[in-house]
Amino acid sequence: MKIDVLRIIGALVGLMICAAPATAETIRLCTGASNGVYFAAGDMIKKMAGAAVDIEVVETEGTIDNLDRMLTVAPSDPRACNAMIGQPDGPVYISRSSPANAKKVRQVASLHREYLHVLCNKASGVKDLGDLESDPAKYSIAIGEQGSGAWLVWQNLISEDEDYGSVPISNEGGIMALSSVSSGDTTCMLVPAGLKNGTVNEADATFGDTVALVGANDRDFDDAVDIKGKPLYEYAKIPGDAYPKSFNYWSKVSTISWPAGVYVNTDRVDSKTLAAFVQASTRAANGIKAEFGK
């Protein structure tokens, strides 16, 4: 009997392919600067995932950049991501200009608590962010470059109360904005971040004589909702021991607050990979909260 060797080999190869485990899709997780909280949180999710799902933690410029990479950059582009960590007001901002894209965004985990730190020049007399809208010609505010976290928050605050749109802005951030606030060239600056943020730490340690940490309690912010229609912000007090040298030691400043979130583009992740990623993210969340604030 003549044996068709080629057919036998082909059949064996086919059986081997069918028996081989399916390779999970890689999750490219967009985060933020490599020295920031988002990147560290992404690394904690990656470690929690282990071999269950391949996660690549990607350094980015923050929430708006993450959304762009996750929603509009082509999946074949090396810059593209299929998941991200970011502020919940990012998807809200995107929904105003591109509702269809916003519908692709699914939140799969809540992480550490973030606060709107408002740092103002002490001599200005500003006690709350709401003071700025009372006399826009008198005050100014630094919100960082377009697309930054502070810039994003400011856009949403203007959306809730258009009077803030009359306040002159500066696109400085970090130490340059802090120096400008200290000297009085700029009245205030915004730092949306988890506790012990580097810029706020620097202000507490070095600029306590000229810079104050003030509240953000305008009740117009109550109307803001997230992509699920739930309140976007809540009011919380920054813990009194968070910045012990100059800020909050005896009293706690009330400000708007929100939990950072983990999001995916549902069009770019298969169901098996998504399930493994969600499990890793939710399991890592407690450790992330313990490290960066509940």
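One can find the structure itself at the top, above this paragraph.
Residues numbered from 1 in each chain as written. Predicted model: local features only at pLDDT ≥ 70, side-chain atom pairs only at ≥ 80, totals over all residues. Heavy atoms only, no water.

Draft legend 1. Seen up close, the packing of helix α8 (residues 174-183) against helix α9 (residues 198-206). Close contact between α8 and α9 brings their axes to 10 Å; oriented N to C, the two are set at 35 degrees. Along this stretch, α8 crosses α9, giving a crossing that reads as right-handed. Mapping the contact onto sequence places G174, I175 and L178 in α8 and T199, E202 and A203 in α9. Along the lines of polarity and charge, the residues of the contact of α8 with α9 split into 3 nonpolar, 2 polar and 1 charged. (Axes fitted to C-alpha atoms, helices over the stretch in contact; angles between N-to-C directions. Helix = DSSP H or I, 4+ residues; strand = E, 2+ residues; numbered from the N terminus. Left-handed = near helix turned anticlockwise from the far one by under 90°. Contact = heavy atoms within 4.5 Å. Nonpolar A, V, L, I, M, F, W, Y, C, P; charged D, E, K, R; others polar.)

Draft legend 2. Representation of helix α10 (residues 271-292) in the model. When the terminal C-alpha atoms of α10 are compared, their 30 Å separation across 22 residues agrees well with the 32 Å that a helix rising 1.5 Å per residue should span. Most pronounced at A285, the bend in α10 amounts to some 35 degrees. Turning to α10, its buried residues are T273, L274, A276, F277, A280, S281, A284, A285, I288 and F292. Of the surrounding secondary structure, the elements contacted by the buried residues of α10 are β1 (27-30), α2 (37-49), β2 (55-58), β3 (83-86), β4 (105-121) and β10 (254-265). Regarding α10, its N-cap is D270, as a side-chain oxygen of that residue lies 3.1 Å from the backbone nitrogen of K272 further along. (Expected span 1.5 Å × (residues − 1). Bend = angle between axes of the 7 residues up to and from the residue. Buried < 20%, exposed > 50% of the residue type's maximum accessible area, 1.4 Å probe, protein only. Polar contact = N/O pair within 3.5 Å; in protein donor to acceptor, adjacent residues only side chain to side chain.)

Draft legend 3. Local environment of the pairing of β2. Two elements, β1 and β2, share 4 bridges in a ladder whose sense is parallel. The residue bridging C30 from the neighbouring strand is V58, located in β2. The β-α-β motif built from β1, the intervening α2 and the parallel element β2 has right-handed crossover chirality. (Pairing = 2+ DSSP bridges. Right-handed = clockwise from strand over helix to strand, strands pointing away.)

Draft legend 4. Structural detail: the environment of P168. Along the chain, P168 turns up in the loop between α7 (149-160) and β6 (169-170). Remark: the alpha-carbon pair of P168 and K138, spanning 30 residues in sequence, is separated by 9.1 Å.

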